[in-house]
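# Topology and contacts: notes
What follows is each chain in one-letter form.
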Amino acid sequence: MKFGGTSVGRPERMHQVKDLVTSGDEPTIVVLSALSGTTNALVGIGEALADADKALAKERIDALHAHYLVFYKELLQSDSARAKAEGIIKEHFEFLNILLKISFNEAINRDILAQGELLSTKLFYTLLEELEIPAVFLPALDFMSIDENSEPELGKISEKLKAILAEYGDTKLFVTQGYICKNHRNEVDNLKRGGSDYTASLIAAAIQASACEIWTDIDGMHNNDPRIVDQTRPIAELSFDEAAELAYFGAKILHPASIWPAQLYNVPVKLLNTMQPQAHGTLIKAEVDAIGVKAIAAKDGITAVKIKSSRMLLAYGFLRRIFEIFEKYKTPIDMITTSEVAVSVTIDDLSHLGQITAELEALGSVEVDRNQAIVCIVGNEISETKGVIKSVMDALEDIPVRMVSYGGSRHNVSLLIDAKFKNEALQRLNTGLFSW
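Bear in mind the structure is a predicted one, so any value in this text is a computation, not a measurement. (Residues numbered from 1 in each chain as written. Predicted model: local features only at pLDDT ≥ 70, side-chain atom pairs only at ≥ 80, totals over all residues. Heavy atoms only, no water.)

What follows is about the packing of aromatic side chains. In total, this model carries 5 aromatic pairs according to the counting rule given. With a centroid separation of 5.6 Å and an interplanar angle of 55°, the aromatic rings of Tyr-125 and Phe-137 are classed as tilted. You can see Tyr-125 sitting in helix α5 (residues 106-130) and its partner Phe-137 sitting in strand β3 (residues 136-137), a full 12 residues away along the chain. You can call Tyr-125 buried: its relative accessible area is 18%. By relative accessible area, which is 23% here, Phe-137 ends up partly exposed. Relative to Phe-249, the ring of Tyr-248 has its centre 5.0 Å away and its plane inclined at 90°; by these criteria the two rings are edge-to-face. With relative accessibility at 31%, the residue Tyr-248 sits in the partly exposed group. Of the residues examined, Phe-249 reaches a relative accessible area of 6% and is grouped as buried. Here the guanidinium or amino end of Lys-299 rests over the ring plane of Tyr-248, the centre of that ring lying 3.9 Å away. (Phe/Tyr/Trp six-rings, centres within 6.5 Å; stacked < 30°, edge-to-face > 60°. Helix = DSSP H or I, 4+ residues; strand = E, 2+ residues; numbered from the N terminus. Buried < 20%, exposed > 50% of the residue type's maximum accessible area, 1.4 Å probe, protein only. Lys NZ or Arg CZ within 6 Å of the ring centre and 35° of its normal.)

Listed below in structure tokens is the structure:
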């Protein structure tokens, strides 16, 4: 059971989480994110330190510290529990204050980012102790690891975690941190933003859990972005493939990487609402029966790169040479379309765009279009469902479409449009594809 930042962000919500994790019969591993707002605050502290603005860093540390000093007093009632919580908070903020006196580097920044999950889990565990609920504190840094390519080492994670759990045969409740891990240099690292979902899925796969429950503040994955479109609705069931497409292309409720570990070991994933625990939510599993369009998602911050070369496009190995340049700079490609004289690809990581375009220019003329958005229409076998592409294009009749990816997946039709049309496109597609 994983609980996000909003689910633990207030003392009364942490009490709700306590009720949820103690209501079942099965042994349970609880994965917690940092309290809502904490990770952003820690990022701000790291940025101030990186800029050598120690006064601003100190101001931000003190503001965050003040928040926790209020939080624990509302969370806990007994003097002993409050004293323990005060000690926990003191320890972590002393660490942050020490950083004002030493040289900043990226390893220190990763240590800073780990503080949120360490604080939330220690405070929650203190609450369980105060209420005399038997549980084991399970430090994620003892078993969660990534390799030199920042990929989780699932085999090692499984081996270590099973060995630790075997020491507590009769225990039914474990508390651990999302997001944080150790890297191949044995330093504190993380699974990037949203990584608590990833942690939960990796743990579920590592122990072949009966289910992986992701608890947030929304009742499941919706069929469109509820922040932009009125009258969206939760989707009852999705296949792993459908959910992975939606998560990758913009559905914010689920971290894009968090599907594959559960899918690998066929562990059902449930997306549930902490504030409405009786709501059905969304069940993600291997196979679903319903065919047709289920949901729409959109991904901002996309850049299109077009390579035009009438001389070389049909030459053997031309596409390989293009892809090798993106591989060299570890820059993933989202979409690709080809014509007789051009290849267009999209990326969302611009870290090496200058070097990439410079090397691509040896192969042909290069055009770069920034501020694009990918709109993704997802459903079971929609590439084989009659009329889907017509309905999509009819809905977007007045919106210029830069690229279309159709048929690469049985579950996905993707369109590239200028980001300024994204909201309008989502609203039009909602009207054109869902009639209720």
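This part is about the domain arrangement of the protein. In terms of domains, the protein is made up of domain 1 (2-174) and domain 2 (294-433). Here the C-alpha centroids of domain 1 and domain 2 sit 39 Å apart. (Domains from an automatic or database assignment.)

It is worth spelling out the layout of surface pockets at this point. In this structure, the second largest pocket occupies an estimated 550 Å³ of space. Around the second largest pocket sit 24 residues that line it, and Pro-27, Thr-28, Ile-29, Ser-210 and Ala-211 are the ones nearest its centre. Secondary structure elements with two or more residues in the lining of the second largest pocket: α1 (11-21), β2 (28-32), α7 (195-206) and β7 (212-216). Residue classes in the lining of the second largest pocket are distributed as 16 nonpolar, 5 polar and 3 charged. (1 Å grid on protein atoms, 1.4 Å probe; cavity = no way out; pocket = protein on both sides within 12 Å on 5 of 7 lines; lining within 4 Å. Points joined across faces, edges and corners; volume = space filled by probe spheres on them. Nonpolar A, V, L, I, M, F, W, Y, C, P; charged D, E, K, R; others polar.)

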